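For reference, the chains in residue letters:
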Amino acid sequence: MSKNKSSESVKVVVRCRPLNRKEESNGPAGGIVQMDLRLGQVILRNPRAPPSEPQKTFTFDAVYDANSKQRDLYDESVRPLIDSVLAGFNGTIFAYGQTGTGKTYTMQGAWLDPEKRGVIPNAFDHIFTHISRSQSDKQYLVRASYLEIYREEVRDLLDPNHGNARALELRESPETGVYVRDLTSCVCKSIKEIEEVMNVGNQARAVGATDMNEHSSRSHALFLITVECSQPGPDGRKHIRVGRLNLVDLAGSERQAKTGVQGERLKEAAKINLSLSALGNVISALADGRSGHVPYRDSKLTRLLQDSLGGNAKTVMVATLGPSSQHYDETLTTLRYANRAKNIQNQPRVNEDPKDALLREFQREIARLRAQLNHRKWRSKQKKEQVDGEGWDRDGDEETEGEEEEEEEEVEKDAEEYVKLEEQRLEREKEAIREDQFLLAEEKQRLLGEKERMMGDLRKEQEATEQLTAKYKAMESKLLVGGKNIMDHTNEQQKMLEIKRHEIAEQTRSEREMQQQMLVQDEETLELRETFTSLQQEVEAKTKKLKKLYAKLQCIKAEIQDVNDEHVRSRQELEQTQNELTRELKFKYLIIENFIPPEEKNKIMNRLTFDPEEDQWKFQPLVPAESKSSQMKKRPASAVGYKRPISQYARVAIAMGAHSRYRAENIMFLELDMAPPNTATLDRSTEADPNQSPSMDNSPAKDKGICKSRSWCQTPKSITSSSSNVSLAACHTATSTAAQ
Ligand code: ADP
Ligand code: MG
């Protein structure tokens, strides 16, 4: 990897926790980890090796032993990173190590004990204290999100239905790099609020942990804080810097073979290991710098940390160790991992004026609301002055900000006064109308109504203004202004103390760096400084050097042996996993080949495609979206909302809510004609036209005979729809036939 001017390496610090009670009771074997705090070195003793074997030494940016305090680690190794984030850089802190070695302790710690608060709560304090102490021309917007990666699925811990929510997708944009789509992000105005966000997420994690044993040591947790800061630049325009901070608590790095899991659990383990081994591969690829391809895409974790490893970010890795001799192998692996990560080069740069800054949107919205509000208030003021008869003209457009603010206040007061005066005036006028004896009662009522309406309008106007003001204030309160918003509890002394502590931490760091450099230089220049007076002396010196080099050679040989052993072990593990998976594959094949008809299988197989983005097989839709002609036929419009196409007649019938049996059917229900027989006496003497039907008489039977048959839906009420005409016509025919 080419080193350019702006590149800097990943900072790696190592922390060893104290022996716990169980380990202490296991015997006097003691720890296998020794630390040289001054030089930043970890010396590891192999409990199984003969004492003659040289111990392994690793050098890091800083080391923290069992007695180290949370505060020391923060001040020395994390504080500078958070300062960078506040200046607009991306920053990442991740804790890596075996389960139970103190990753969560380092990242979160015990919240209630100020001595034991971890990196995350200290970072909250740091960020909000910084904002409260910065200049008042700076505006800040702080957002927080919390997610976990479990079984290669990204889950939002702030989503209220976290348990049932589906996994989130990762997306990539040229502006912000890889991000999680639809991730909840909460605007936080104070330490209390951001702690609340953290608590909500932790509870969601805890619930998951009870569902699945050991959940938390199997999932990776990421807490993301975005700090946007706007400040007027020399060009007079407001510039926005966006710093993103990732706080990562990784899953336990122990080998799964040791935990002896099988079947379903093995697959789960394989998935966790996939993320961690992908992380290892990414670190290796970046560290040796020879392989051009970095396999970020192999897991969700590495994609999310893409910028933090070899990209635009400053990164601190905290490798955690246990001192117990039982876990020598794990400890060695962690140290190797950490040692490799030291060589990764990042290219951090300040994120200046990105297009997607939320702060900009907030500022625009606030300005818009403010303009609206001002307009309303000016209007009221103007009206007031008209009422007062003053006549209003605004002279002199060039006003300073202070004047403007004062004027605004005045306008606000005027507007309020106007409303009050106007109300009083209307009230007075109403009273006058009521007492006026010359007005007619009707006229009085009308005038009073008018005044009432005017008052209503006034109130509505006022309410709208109040709503607008509330919205404006809510929006504005989300932005934190430097030197305001947060009460600064710390007095000057405390501030000084913090500065001093910062200086001390800085000093320790540079001292250590110098010591390390001196050590390296010493080795190089030793031989140059030596001058040999005799051959004998030269031989002695050379022998000494030879011995030293020989010891080094032995060290490296042992190292090679170790690495080989490690590779063999991991290969065996992979083979075991592969065997397990092959067995399962055979099982599935057996079922498919014997119990699924081949044509069905082919049909399904033809529809499947692999989505590399989501790492999943997906069904293609049966009807391709683009070919419109072959799309499924639409149902006829007449059938919307019904089981099948239905006539107007039946629809009316349904609306009338009659016979339920024939609902939605086009059936006409004809009642039997129950009319009594027509018994008109025939007057034979006046034998008239024999063709003339008796029903043509204007006798009462005329009414009785007609329309006895009736559709089931017809009620005596008149029906105006076309269907009633049809049925009436039918009646008519029915009666005339009956009559004949
Ligand atoms: P991990 O998250 O790596 O699985 P934890 O952070 O849960 O491990 O730590 C396991 C236990 O060890 C906890 O009880 C924690 O309090 C304790 N512990 C870890 N590191 C330290 C430390 N530096 N000092 C004191 N106790 C520690
Ligand atoms: Mg943990």
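Note that the structure is predicted; figures quoted are calculated from it, not measured. (Residues numbered from 1 in each chain as written. Chains lettered and ligands numbered in written order. Predicted model: local features only at pLDDT ≥ 70, side-chain atom pairs only at ≥ 80, totals over all residues. Heavy atoms only, no water.)

Here's the deal with the site of ligand 1
Note the threshold: The rule for a residue being near a molecule or strand is that one of its heavy atoms must lie within 4 Å of it. The definition of a polar contact used here is a pair of N or O atoms within 3.5 Å, where within protein one atom must be able to donate a hydrogen and the other to accept one, and adjacent residues in sequence count solely through side-chain atom pairs. Shrake-Rupley sampling with a 1.4 Å probe provides the accessible areas, and residues are treated as covered by the protein chains on show and by no other component. Comment: elements are numbered from the N terminus, with helices defined as DSSP H or I runs of at least four residues and strands as E runs of at least two. Classification convention: Asp, Glu, Lys, Arg as charged; Ala, Val, Leu, Ile, Met, Phe, Trp, Tyr, Cys, Pro as nonpolar; all other residues, Gly among them, as polar.
Around ligand 1, the structure places R15, R17, P18, Q98, T99, G100, T101, G102, K103, T104 and Y105. G102 is positioned such that a nitrogen or oxygen atom in its backbone is 3.1 Å from an oxygen atom of ligand 1. Taking Y105, its main chain carries an N or O atom lying 2.7 Å from an oxygen atom of ligand 1. Taken by itself ligand 1 offers 560 Å² of open surface, and the protein chains cover 64% of this. Among the elements that line the shell around ligand 1, the one with the most residues is helix α3 (residues 103–107), at 3 residues. Among the residues forming the shell around ligand 1, the class breakdown is 2 nonpolar, 6 polar and 3 charged.

So, the pairing of strand β13 (residues 220–232)
Our working definition: In this scheme, a residue with accessible area under 20% of its type's maximum is buried, one over 50% is exposed, and one in between is partly exposed, where area comes from a 1.4 Å probe on protein chains only. Strand pairing is assigned whenever DSSP identifies at least 2 bridges connecting the two strands.
Here β13 lies mainly inside the structure; 11 of its 13 residues are buried. Bridge analysis of strand β8 (residues 139–150) against β13 gives 11 bridges, and the strand direction is antiparallel. Opposite Q139, over in β13, you have S230 as the bridge partner. Both β13 and strand β14 (residues 238–249) contribute to a ladder of 12 bridges, which runs antiparallel. Directly across from A221, in β14, lies its bridge partner D249. Hairpin connection from β13 to β14: 5 residues lie between these consecutive antiparallel strands, with G236 at a positive phi of about 90°.

Side note on the packing of helix α10 (residues 328–341) against helix α15 (residues 535–595)
The condition is simple: Here an axis means a line fitted to C-alpha atoms, over the contact stretch when the element is a helix, while the angle between two N-to-C directions is reported on a 0 to 180 degree scale. An angle counts as roughly parallel when it lies under 35 degrees, as roughly antiparallel when it exceeds 145, as roughly perpendicular when it falls between 65 and 115, and as oblique in every other case. By the convention used here, residues are in contact when the closest approach between their heavy atoms is within 4.5 Å.
Packing of α10 against α15 leaves a shortest axis separation of 12 Å and a crossing angle of 105°. As summarised for this structure, α10 and α15 are arranged roughly perpendicular, according to the angle between their axes. Where α10 approaches α15, its residues D329, L332, T333 and R336 are matched on the opposing element by E559, D562, V563, E566 and R569. Looking at the contact of α10 with α15 residue by residue, the class counts come to 2 nonpolar, 1 polar and 6 charged.

A short note on the nonpolar core
Formally: Among buried residues, those of type Ala, Val, Leu, Ile, Met, Phe, Trp, Tyr and Cys that are joined through side-chain atoms within 4.5 Å constitute a nonpolar core.
V14, V42, F60, L147, L279 and M317 are the most contacted members of the largest nonpolar core, which totals 48 residues. Ignoring sequence-local partners within four residues, the contact set of V14 consists of M35, V42, F60, A62, V63, Y64, A319, L321 and L335. Core analysis: the second largest hydrophobic core is formed by 42 residues, A62, I93, A95 and L158 among them.

A word on the pattern of salt bridges
Convention followed: Here a salt bridge means any side-chain nitrogen of Lys or Arg lying within 4 Å of a carboxyl oxygen belonging to Asp or Glu.
Tallying each qualifying case throughout the model produces 41 salt bridges. Here E193 and K189 are joined by a salt bridge, their closest N and O atoms 3.6 Å apart. With a closest N to O distance of 3.5 Å, E538 and K542 form a salt bridge. Within this pair, E538 and its partner K542 are both found in helix α15, separated by 4 residues, close to a single helical turn.

Digging into the confidence of the model for the protein chain
Where we set the bar: One confidence number per residue, pLDDT, is output by the predictor and ranges from 0 to 100.
Overall, the predicted model of the protein chain reaches an average pLDDT of 78, with 75% of residues at or above 70. Considering only residues more than four positions removed or in separate chains, one finds that residues 257–261, a stretch of pLDDT under 50, has 7 contacts. Segment residues 390–401: pLDDT under 50, and 11 contacts once partners within four positions in sequence are set aside and those in other chains are kept.

Remarks on the packing of aromatic side chains
Basically, it comes down to this: Ring pairs shown here join Phe, Tyr and Trp side chains whose ring centres sit within 6.5 Å, with only the six-membered ring taken for Trp; geometry is labelled stacked below 30 degrees between planes, edge-to-face above 60, and tilted in between. Definition used: whenever NZ (Lys) or CZ (Arg) falls within 6 Å of the ring centre and also within 35 degrees of the ring normal, the charge is taken to sit over that ring.
Counted according to the given criterion, the structure contains 6 aromatic pairs. Ring plane angle 10° and centroid distance 4.1 Å describe the contact between Y96 and Y337, whose orientation is recorded as stacked. Here Y96, found in strand β7 (residues 91–97), pairs with Y337, found in helix α10; they are 241 residues apart in sequence, far enough to count as distant. The class for Y96 is buried, based on a relative accessible area of 4%. Their ring planes at 50° and their centres at 6.1 Å tell us that W111 and F124 sit as a pair that is tilted. Here W111 is found in the loop between α3 and α4 (119–133), whereas its partner F124 is found in helix α4, with 13 residues between them in sequence. The pair formed by W111 and F124 is uniform in burial state, with each residue classed as buried. Taken together, the ring pairs connect W111, F124, Y146 and F223 into an aromatic cluster. The side chain of K314 reaches across the aromatic face of F89, ending 4.7 Å from its centre. Lying over the aromatic face of F60, K342 brings its terminal NZ or CZ to 5.4 Å of the ring centre.

Things to note about a nonpolar patch on the surface
Basically, it comes down to this: Surface patches are drawn from residues lacking salt bridges whose relative accessible area is over 30%; two like charges belong together within 9 Å, two nonpolar side chains (Val, Leu, Ile, Met, Phe, Trp, Tyr) within 5 Å.
Residues F587, L590, I591, F595 and I596 make up a contiguous nonpolar surface patch of about 510 Å² in total accessible area. Along the chain, F587 falls in helix α15.

Examining the pairing of β14
Here β14 lies mainly inside the structure; 9 of its 12 residues are buried. In terms of strand pairing, β7 meets β14 through 5 bridges, oriented parallel. Each bridged residue has a counterpart across the sheet, and for I93 the counterpart in β14 is L247.

Describing the environment of R181
The topology assignment puts R181 in the loop between β11 (177–180) and β12 (186–187). Assessed through its relative accessible area of 32%, R181 is described here as partly exposed. R181 sits 11 residues away from L170 along the chain, and the two C-alpha atoms are 6.0 Å apart. Residues within four places of R181 in sequence aside, it is in contact with L168, E169 and R171.

Considerations on unusual backbone geometry
Across residues other than glycine, the phi torsion is negative in most instances, and most of the peptide bonds are trans. Positive phi, close to 60°, is recorded for D182, a residue that is not glycine. With respect to the helices and strands, D182 occurs in the loop between β11 and β12. You can call D182 exposed: its relative accessible area is 55%. Positive phi, close to 45°, is recorded for D353, a residue that is not glycine. Among the secondary structure elements, D353 is positioned in the loop between β16 (345–346) and α11 (358–388).

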